[in-house]
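Inside the fold
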Amino acid sequence: MLNKKTVDDLKDIAGKKVLVRCDFNVPLKQGVIQNYKRIDAALPTIKKLLSEKAKIILCSHMGKPKGEPLPELSLAPVAVALSERLGVQVKFADDPKVTSDATKKMAAELKDGEVLLLQNTRYRKEETKLEKDETAIKFAEELAALCDNEIFVNDAFGTAHRAHCSNVGVTKFVKEAAAGYLVEKELKFLGDALNAPVKPFLAILGGAKVSDKINVIENLLSKVDSIIIGGAMAYTFLKAQGYKTGKSLVEEDKLDLAKDLLKKAESKGVKFLLPVDHVIATAVDFETKSVPAGATVKNTDGLDIEDGFMGVDAGPKSIAKFSEVVKAAKTIVWNGPLGIFEVAEFSVGTVEIAKLVAEATKGGAISVVGGGDSVSAVKKASVDKEITHVSTGGGASLEFLEGKELPGIAALPTK
Ligand code: AMP
């Protein structure tokens, strides 16, 4: 990635209009922003353009309005938050069509060092149809026209794995395009971890389904020294090895694949660590994220899970075993929780791993955490500040770990 043009390569931008694709897809509750991380992560690029006296036009999607101008998914609260943080009045084009005449006028009248935020790009159904509907490209053309077809900066890592009008389409209609600082940072940390890791390199993968992470496991097996598998994924691997898994979430159709992956790990000399004991429960209420009254929760002694119980977290022996590998690692990539961590009683394994990763980082390891749930887990363990890099893109970081080229990045020119 570092061969891609970045905002630092843009020259003489004073007075020019720059369209910046940000990821302002923040969690909202009744119009109130619940978490400002993504807004804060966009500030370095915006501040740089402000200091250069550009005319800045920001755009982003918010949620999935699917072409409907849903008021609850308006970017209006983001304009307020940006104004507070930047110390300049960010103008907001509250336009259900995003690029209508009133917005064009606001963009045309921008003065040097002023900032305009467009409305939710997904208010236009074409936004996500770039690859499916050839008329969608017109929306990209309209967006680019707002910046006089001059300069486009992509700083939305969270949508880099999608080819949409506002991140890929626009690049066809501007004179210059570049990556913003956030995209640059994300790709540096993820890229260095994957392509030039300090050894030993450990991957920790958890979450619900093996099927979601097959490509990640396959790609990482040729790069890592060790891999820890936790969460429900582990039970498919354990069942494939002949252990009893009770009523744990097992993907029966992935048992052969799990055997293949275990063989591949062995042939490549990769240490493949699975839990050696479990917290098990007779029932979990996924709606209320709690243990229902009357349910039994206990620890197993070993690997087998008795009938009527499901595995819900890694047990203490597993954590002790994993801790040796985490402590020795010099590069750690983590995606996915080790148990049903949304339920307080079953979050221990995930939180312990978060603490261990933070400790290893203090000892000099590089740690990269991606995926919404692992990011919540490091916050829950109050160690998010101690991790080398917490990715802002769940899906994008996962596709990066799969070794895929991200269309939002591929569309940017090289230096
Ligand atoms: P993912 O999006 O694939 O990273 O999966 C995250 C989800 O996996 C979380 O909602 C967890 O509750 C869930 N998960 C983790 N461990 C288990 C488990 N043992 N049984 C069921 N779900 C789990």
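Keep in mind it's a predicted model, so treat the numbers as computed, not measured.

Turning to its location among the elements, His-61 is positioned in the loop between strand E4 (55-59) and helix H2 (76-86). Among the polar contacts listed, one links the side chain of His-61 to the side chain of Arg-21, at a separation of 3.1 Å. Setting aside residues no more than four positions away along its own chain, His-61 makes contact with Arg-21, Asp-23, Phe-24, Asn-25, Leu-75, Asn-120, Thr-121, Arg-122 and Thr-159.

Another aspect to go through is the site of the ligand. Taken together, 15 residues are adjacent to the ligand, and Lys-213, Gly-311, Gly-339, Glu-342 and Asp-373 come closest. Between the ligand and Lys-213 there is a distance of 3.0 Å, counted from an oxygen atom to a side-chain nitrogen or oxygen. Within the contact set of the ligand, a nitrogen atom lies 2.9 Å away from a backbone nitrogen or oxygen of Gly-311. Starting from 500 Å² of accessible surface for the ligand in isolation, the protein chains cover 82%. The cavity that encloses the ligand is the largest pocket. Of the residues contributing to the shell around the ligand, the split by class is seven nonpolar, five polar and three charged.

Judged by pairing direction, the sheet is antiparallel, and its three strands sit side by side in the order E13-E12-E14 without closing on themselves. If you trace the sheet from one side to the other, it starts and ends with strand E13 (297-299) and strand E14 (310-314), each paired once. Taking the axes of each pair of neighbouring strands and ignoring which way they run, one obtains an average angle of 30° across the sheet. As defined by bridge partners, strand E12 (residues 278-281) adjoins E14 across four bridges and the pair is classed as antiparallel. Looking at E14, one finds that His-278 is bridged to Ala-314.

Turning to the nonpolar core, a few remarks are in order. Grouped together as the largest cluster of nonpolar side chains are 73 residues, with contacts concentrated most on Leu-19, Leu-118, Ile-217, Ile-227, Ile-229, Phe-237 and Phe-272. Leaving out residues up to four positions away in the same chain, Leu-19 has contacts with Ile-57, Cys-59, Leu-118, Leu-143, Cys-147, Ile-151, Phe-152, Val-153 and Val-170. If you look at the next biggest cluster of nonpolar residues, it comprises 32 residues, including Leu-49, Ala-54, Leu-58 and Met-62.

What follows is about the pattern of salt bridges. Counting across every chain of the model gives 28 salt bridges. Between Lys-239 and Glu-252 there is a salt bridge whose closest N-O contact spans 2.9 Å. Of the two residues, Lys-239 is situated in helix H7 (residues 233-240) and Glu-252 in the loop between H7 and helix H8 (255-268); the sequence distance between them amounts to 13 residues. Here Lys-239 falls in the partly exposed class, since its relative accessible area comes to 31%. The partner of Asp-384 in a salt bridge is Lys-385, with the nearest N and O atoms 3.8 Å apart. Note on Asp-384: relative accessible area 23%, which makes it partly exposed. Since its relative accessible area comes to 76%, Lys-385 is described here as exposed. A cluster of three or more residues bridged by salt bridges with shared partners is formed by Arg-124, Glu-126, Lys-138 and Glu-142.

Criteria and cut-off values
Residues numbered from 1 in each chain as written. Predicted model: local features only at pLDDT ≥ 70, side-chain atom pairs only at ≥ 80, totals over all residues. Heavy atoms only, no water. Helix = DSSP H or I, 4+ residues; strand = E, 2+ residues; numbered from the N terminus. Polar contact = N/O pair within 3.5 Å; in protein donor to acceptor, adjacent residues only side chain to side chain. Contact = heavy atoms within 4.5 Å. Near = heavy atom within 4 Å. Areas by Shrake-Rupley, 256 points an atom, 1.4 Å probe, with all protein chains shown as cover. 1 Å grid on protein atoms, 1.4 Å probe; cavity = no way out; pocket = protein on both sides within 12 Å on 5 of 7 lines; lining within 4 Å. Sits in = over half its atoms within 2 Å of the grid points. Nonpolar A, V, L, I, M, F, W, Y, C, P; charged D, E, K, R; others polar. Pairing = 2+ DSSP bridges. Axes fitted to C-alpha atoms, helices over the stretch in contact; angles between N-to-C directions. Core = buried A, V, L, I, M, F, W, Y, C linked by side-chain atoms within 4.5 Å. Buried < 20%, exposed > 50% of the residue type's maximum accessible area, 1.4 Å probe, protein only. Salt bridge = Lys/Arg side-chain N within 4 Å of Asp/Glu carboxyl O.

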